[in-house]
Amino acid sequence: MSLAEPRKPLILCVDDEPLNLKLLVELLSERFDTRIATNGQKALELAIQQKPDLILLDVMMPVMDGFETCRRIRETHDKQDLPILFITAKNQPEDEEFALKIGGNDFITKPIKPGVLQARIDTQLKLKYAQEKIIRRAETLEQEVNQRLSEINHLQDSTIYVMTSLAEFRDECTGNHIRRTQFYVEALSKALAKNPEFTSRLNDETIEVITKSAPLHDIGKIATPDDILLKPGKLTSEEFAIMQTHSERGYKILQEAANSMGEKGLFLQTAQDIAFYHHEKWNGSGYPNGIAGEKIPLAARIMAIADVYDALTSARPYKRAFTQEEAFEIMHEGSGSHFQPILLETFFTLKEQLCTIANAHAD
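As the structure is a prediction and not an experimental result, all values here were calculated from the model. Once a new chain begins, its residue numbering starts again from 1 and follows that chain's sequence as written. Predicted model: local features are reported for residues with pLDDT of at least 70 only, side-chain atom pairs are reported and counted for 80 or more only, and whole-chain, interface and lining totals are derived from all residues. To obtain the side-chain values, all non-hydrogen atoms of the structure were included, while hydrogens and water were left out.

A.B. asks: Now, about the confidence of the model for the protein: what can you tell me, with residues and values included?
C.D. replies: The pLDDT score gives, residue by residue, the confidence of the prediction method on a 0 to 100 scale. Per-residue confidence for the protein averages 89 on the pLDDT scale, and 90% of its residues sit at or above 70. Only runs of H or I of at least four residues qualify as helices and only runs of E of at least two qualify as strands under DSSP, and these elements are numbered from the N terminus. Mean pLDDT in the protein bottoms out at helix H5 (residues 114–170), which sits at 80, and peaks at helix H14 (residues 341–348), which reaches 98.

A.B. asks: Which residues make up the packing of aromatic side chains, and what values do they have?
C.D. replies: Stacked, edge-to-face and tilted are the three classes for Phe, Tyr and Trp ring pairs, Trp counted by its six-membered ring, which pair at centre distances within 6.5 Å; planes under 30 degrees apart are stacked, over 60 edge-to-face, the rest tilted. A complete count under the given rule lists 10 aromatic pairs for this structure. Ring geometry for Phe240 against Tyr287: centres 6.3 Å apart, planes inclined by 80 degrees, an arrangement best described as edge-to-face. Of this pair, Phe240 sits in helix H9 (residues 237–244) while Tyr287 sits in the loop between helix H11 (266–277) and helix H12 (298–313), and the two are 47 residues apart along the sequence. The class of Tyr287 is buried, set by a relative accessible area of 16%. With centroids separated by 6.3 Å and ring planes inclined at 65 degrees, the aromatic side chains of Phe328 and Phe347 adopt a geometry described as edge-to-face. Buried means the residue's accessible area, taken with a 1.4 Å probe over protein chains only, is under 20% of the maximum for its type, while exposed means over 50%, and partly exposed covers the values in between.

A.B. asks: Can you tell me about the pairing of strand S2 (residues 33–37), naming the residues and giving the values?
C.D. replies: In this structure, strand S1 (residues 10–14) lies alongside S2, joined through five bridges in parallel fashion. Note that in S2 the partner of Leu10 across the bridge is Asp33. Seen with the strands pointing away from the viewer, any crossover whose path from the first strand over the helix to the second strand runs clockwise is right-handed. Of the crossover connections in this fold, the one passing from S1 over helix H1 (residues 18–28) to the parallel S2 is right-handed. Being paired, for any two strands, means DSSP has found at least two bridges between them.

A.B. asks: Lay out helix H7 (residues 204–213) with the relevant residues and their values.
C.D. replies: In terms of residue burial, H7 counts as a mostly covered element, since seven of its 10 residues are buried. Taken together, the buried positions of H7 are occupied by Thr206, Ile207, Val209, Ile210, Thr211, Lys212 and Ser213. Two N or O atoms count as a polar contact when they lie within 3.5 Å, although within protein this holds only if one can serve as hydrogen donor and the other as acceptor, and sequence-adjacent residues are included solely when both atoms are side-chain atoms. Among the residues of H7, the N-terminal cap falls to Asn203, whose side-chain oxygen and the backbone nitrogen of Glu205 are separated by 3.2 Å.

A.B. asks: I'd like a description of the environment of Gln269, backed by residues and values.
C.D. replies: Within the element layout of this structure, Gln269 appears in helix H11. Each C-alpha atom, one on Gln269 and one on Gln255, is 8.1 Å from the other, the two residues being 14 residues apart in sequence.

A.B. asks: So, the packing of H7 against H11: which residues are in play, and what are the values?
C.D. replies: Axis definition: a line fit to C-alpha positions, over the contact stretch in the case of helices; interaxial angles, taken between N-to-C directions, run 0 to 180 degrees. One way to put it is that H7 packs onto H11 with a least axis distance of 9 Å and a crossing angle of 55 degrees. On the basis of the axis angle, H7 is oblique to H11. Note that H7 runs across H11; the crossing there is right-handed. Together, Val209, Ile210, Lys212 and Ser213 of H7 and Leu266, Phe267, Thr270, Ala271 and Ile274 of H11 make up the contact between the two elements. Residue type decides the class: Asp, Glu, Lys and Arg count as charged, Ala, Val, Leu, Ile, Met, Phe, Trp, Tyr, Cys and Pro as nonpolar, and the leftover types, Gly among them, as polar. A class-by-class count of the residues in the contact of H7 with H11 yields six nonpolar, two polar and one charged. Between 65 and 115 degrees an angle is taken as roughly perpendicular, under 35 as roughly parallel, over 145 as roughly antiparallel, and anywhere else as oblique. Handedness of a crossing follows from how the near helix is turned relative to the far one, being left-handed for an anticlockwise turn of less than a right angle and right-handed for a clockwise one. Any two residues having at least one pair of non-hydrogen atoms within 4.5 Å are treated as being in contact.

A.B. asks: Break down unusual backbone geometry for me, with residues and values.
C.D. replies: A cis geometry characterises the amide bond from Lys110 onward to Pro111, with omega recorded as 5 degrees. With respect to the helices and strands, Pro111 occurs in the loop between strand S5 (106–109) and H5. Between Tyr287 and the following residue, Pro288, the backbone shows a cis peptide bond with an omega angle of 10 degrees. Non-glycine residue Lys51 carries a positive phi angle of around 50 degrees. In this structure, Lys51 sits in the loop between helix H2 (40–49) and strand S3 (54–57). What makes Lys51 exposed here is its relative accessible area of 52%.

A.B. asks: Describe the environment of His177, with residues and values.
C.D. replies: Structurally, the position occupied by His177 is in helix H6 (residues 175–193). Overall, the relative accessible area of 8% leaves His177 in the buried class. Residues His177 and Ser314, spaced 137 residues apart in sequence, show a C-alpha to C-alpha distance of 8.3 Å. If we ignore the near neighbours within four places in the chain, the residues touching His177 are His217, Asp218, Asp307, Asp310 and Arg316. One polar contact links His177 to Asp307, side chain to side chain, over a distance of 3.1 Å. Engagement of the side chain of His177 in a polar contact is seen with the side chain of Asp310, the distance being 2.6 Å.

A.B. asks: Please provide a residue-by-residue account of the nonpolar core, values included.
C.D. replies: Ranked by size, the top nonpolar core spans 31 residues in total, and within it Leu202, Ile305, Tyr309, Met331 and Phe347 carry the most contacts. Of all elements in the fold, only H6, H7, H12, helix H13 (324–332), H14 and helix H15 (351–360) reach the threshold of two or more residues within this core. Looking at which element gives the most residues to this core, the answer is H12, with eight residues. Apart from the residues lying within four places of it in its own chain, the contact partners of Tyr309 are Tyr184, Gln324, Ala327, Phe328, Met331, Phe347 and Leu354. In this description, a nonpolar core means a group of buried Ala, Val, Leu, Ile, Met, Phe, Trp, Tyr and Cys residues linked to one another through side-chain atoms lying within 4.5 Å.

A.B. asks: Please give an account of the pattern of salt bridges that cites residues and values.
C.D. replies: A pairing counts as a salt bridge when a side-chain nitrogen of Lys or Arg comes within 4 Å of a carboxyl oxygen of Asp or Glu. Using the criterion set out here, one finds 22 salt bridges in the structure. The shortest N-O distance in the salt bridge between Asp15 and Lys110 comes to 3.1 Å. Taken together, the residues Asp15 in the loop between S1 and H1 and Lys110 in the loop between S5 and H5 connect sequence positions 95 residues apart. For the salt bridge of Lys42 with Glu45, the shortest nitrogen-to-oxygen distance reads 3.9 Å. Linking Lys42 with Glu45, this pair stays in helix H2, spanning three residues, or about one helical turn. Assessed through its relative accessible area of 36%, Lys42 is described here as partly exposed. One network of salt bridges, in which partners are shared, links Arg7, Asp53, Lys128 and Glu132.

A.B. asks: If you had to explain the UniProt feature "modified residue: 4-aspartylphosphate" (unreviewed entry) in the protein to someone new, which residues and values would you point to?
C.D. replies: As annotated in UniProt, the feature "modified residue: 4-aspartylphosphate" (unreviewed entry) corresponds to Asp58 in the numbering used here. Note that Asp58 resides in the loop between S3 and helix H3 (66–75). Excluding residues that lie within four positions of it along the chain, Asp58 makes contacts with Val14, Asp15, Asp16, Gly66, Ile87, Thr88 and Lys110. UniProt positions are given in the numbering used here, feature names are shortened, and annotations may be inferred rather than shown by experiment.

Here you go:
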């Protein structure tokens, strides 16, 4: 079984003079497949139907000249890179300049010199095939990059799952808390993105990263002793001081994860910010560093609101669940002290959405 011969390049020859077309076909038929058109309109149709590799185009034709034909071919999206060589009796510099400006690749004056014509066709076809090869390679590289990014995203999601599972294993009460706060964070981030003050900082990618990072906010609690983490009553001041260390511990855990993975991207940086700073307060009275205002990363400010709201509206052995109205009232008292006012005001507009999330992920 013999291999099929490679396809000959297809050349479309356009000229209103039959003798010129006959000459072109005779010159080219040994090395190329050819098609002919005797006017610009027919050339447009064949350029779309036959998909030639190159066009030889006369300029002086009735109804639609070669310049207009070239313009219309170039207006077709997939014909932007199709080589078009003008062959014409026009030999003024301004004619050549105009032909090249409107999208011609070369300008050959009559009478035709067969060797020159063949050489210029070969040059243009080599350029075309080289460009197509580059495009195919670029598409392949894009597919490889997308595949790699998909693998990284899967690894990232798996890392989140494992780490949050560890936190849930230590304290089974936190399971749905983690899910609810994640959805509260997402809802608040999307609502804030509509505010011009936050639009530039909360694009789709940033919101996705913050939402994915949110479940890791209390990852540091895996290092908290059981007798403190699982204590059913109120913590002593000494116990509370130990509990507070979960912010710094969470930050260090995530920092070590980033270092070991060589990860310097937005995801783990955001996760570190949330874990470290989500107990800071707008007026600087929070922990662990007592920073205030805009110095607190935005993701951590958003997380703080979601975290407190869920803590208030969830039942625990040492407290009942507050209603949404009660929680809002308590949180309103912290506007400007615990929480950034504009973030809290935006959160309060999400009443129905918050109830939907709470009902879908009830303890």
